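Fold and geometry: a report
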Amino acid sequence: MKFSGSHILTVDQFTREDIDTVFAVADQMRPYAERRRITRVLEGAILGNMFFEPSTRTRVSFGCAFNLLGGEVRETTEVRASAIAKGESFYDTARVLSGYSDIIVMRHQIEGSVAEFADASRKPVINGGDGANEHPSQALLDLYTIRSEMESKGKPIDNLRIALIGDLRYGRAVHSLCKLLGLFDNLYMTLISPSELALPEEYTDALRAQGHTVRISDNLHNGIQGADILYCTRTQEERFPTPEEANRYRGLFRLNQAIYTEHCEPNTVIMHPLPRDSRTEASELDNDLNDNPNLAIFRQTDNGLLIRMALFALILDVVDRVHDSARDVGWYTGPPGQLL
Ligand code: NCD
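Keep in mind it's a predicted model, so treat the numbers as computed, not measured. (Residues numbered from 1 in each chain as written. Predicted model: local features only at pLDDT ≥ 70, side-chain atom pairs only at ≥ 80, totals over all residues. Heavy atoms only, no water.)

Describing the UniProt feature "domain: Aspartate/ornithine carbamoyltransferase Asp/Orn-binding" (unreviewed entry) in the protein
Feature annotation in UniProt places "domain: Aspartate/ornithine carbamoyltransferase Asp/Orn-binding" (unreviewed entry) on residues 159–314, given in this structure's numbering. Summarising residues 159–314: 34% helix, 14% strand, and an end-to-end C-alpha distance of 29 Å. (UniProt positions renumbered as here; feature names shortened; annotations may be inferred. Helix = DSSP H or I, 4+ residues; strand = E, 2+ residues; numbered from the N terminus.)

Looking at the site of the ligand
In the vicinity of the ligand, the contacting residues are Arg 57, Thr 58, Arg 107, His 135, Gln 138, Arg 172, Arg 234, Gln 236, Pro 273, Leu 274 and Pro 275. Between Gln 236 and the ligand, the recorded distance is 2.8 Å, taken from a side-chain N or O atom to an oxygen atom. One of the backbone N or O atoms of Pro 273 is found 3.0 Å from a nitrogen atom in the ligand. Split by residue class, the shell around the ligand holds 3 nonpolar, 4 polar and 4 charged. In terms of domain composition, the shell around the ligand takes at least three residues from each of domain 1 (11–135 + 301–328) and domain 2 (136–298). (Near = heavy atom within 4 Å. Polar contact = N/O pair within 3.5 Å; in protein donor to acceptor, adjacent residues only side chain to side chain. Nonpolar A, V, L, I, M, F, W, Y, C, P; charged D, E, K, R; others polar. Domains from an automatic or database assignment.)

Focus on unusual backbone geometry
Backbone torsion omega between Leu 274 and Pro 275 reads 5°, so that peptide bond is classified as cis. Mapped onto the secondary structure, Pro 275 falls in the loop between strand 10 (269–271) and helix 12 (297–315). Not every positive phi belongs to a glycine, and Asn 159 is a case in point at roughly 70°. With respect to the helices, strands and loops of the structure, Asn 159 is situated in the loop between helix 6 (136–151) and strand 6 (161–165). Given the relative accessible area of 47%, Asn 159 is considered partly exposed. We note that Leu 274 has phi near 65°; this positive angle belongs to a residue other than glycine. By the element assignment, Leu 274 lies in the loop between strand 10 and helix 12. (Buried < 20%, exposed > 50% of the residue type's maximum accessible area, 1.4 Å probe, protein only.)

Quick word on the packing of aromatic side chains
Under the defined criterion, the tally for this structure stands at 6 aromatic pairs. Between the aromatic rings of Phe 3 and Phe 14, the centroid separation amounts to 6.3 Å while the plane-to-plane angle is 50°, which identifies the pairing as tilted. Taken as a pair, Phe 3 in the segment before helix 1 (16–28) and Phe 14 in the segment before helix 1 lie far apart in primary sequence, 11 residues in all. The burial state of Phe 3 is the same as that of Phe 14; both residues are buried. In textbook terms, an aromatic cluster arises when at least three aromatic residues are bridged by ring pairs, as seen for Phe 62, Phe 66 and Phe 312. If you follow Arg 308 out to its NZ or CZ, it ends over the ring of Phe 62, 4.7 Å from the centre. (Phe/Tyr/Trp six-rings, centres within 6.5 Å; stacked < 30°, edge-to-face > 60°. Lys NZ or Arg CZ within 6 Å of the ring centre and 35° of its normal.)

Considering the sheet that holds strand 10
Across the sheet, which stays open at both edges, the 5 strands sit in the order 8-7-6-9-10 with parallel pairing between neighbours. The sheet is open, and its two edges are formed by strand 8 (213–217) and strand 10, each paired on a single side. In this sheet, adjacent strand axes meet at a mean angle of 15° when their direction is disregarded. As defined by bridge partners, strand 6 adjoins strand 9 (residues 229–232) across 4 bridges and the pair is classed as parallel. Paired with Leu 164 across the strands is Tyr 231, a residue of strand 9. (Pairing = 2+ DSSP bridges. Axes fitted to C-alpha atoms, helices over the stretch in contact; angles between N-to-C directions.)

Written out as structure tokens, the structure reads:
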């Protein structure tokens, strides 16, 4: 794909080669993300960071990624704080805000809303999550994490055994990740969920058509056996018709250290897009796993910076200039090797 000036709306845009391009640029971002070097390559540029749905890490890491490249961030975080609450259309909002920014990241609860917004935008738009549909930057950072976790175990992404656990119906991170994984070869996917929250058929059909094995299970203990990667998810309560309905599924699949020790191979990697629901009635990923070295959840969040910096650098076409005029940081950044 042509990155320069492009919107990023769906992972369907990416080939394996494009993924390699993003990952190679992400690797180059490490000294800046680790606060060892400073670059000002996006000095003067403005990111419109528009989050009309709750977000912590996606919003903040997109903002920090832009700052780390030297740009400024303008944030809108609620529908009621924007003119959309006064009945303004996506078209008008996009026309206006794209006059104020060089690039926009948008999250909204309506599927397809970010694409509609991008159609009217005069500047590139990145989908930060549109309803239950897609979350491309999350899938890229998840895949980048899978690659780096497996690299240290001497395995490529091809042939991996991956278990996806939880709300696979409404989880947009899982939807985008499945599409990206589909581009690799010979995966063994186990989809563990209550049948009502199963991965939509379009994704399972596509995976099977690409030659992957897809096994469907509603049993956590059996489903996780033999997996290289466990990818847990939260019940997406905001997408259910009523809170009571979401409550029926909360806490059905809880992974903790005892279950991990009994049913998983010793080096199985544990992932979660976060936030994990840590309330006692949910607790899909127990705190007793926090010291497990295979818990990759905070490596995922750190990798989010690298991926989002790479997307900005590629879309705004500055990859070759990131290192120009870069310098060392002058403040205390913690003991060496502690970040990322
Ligand atoms: C995910 C999302 O918003 O889709 N979170 C995230 O961006 N890291 C997953 C979730 O909210 O459960």
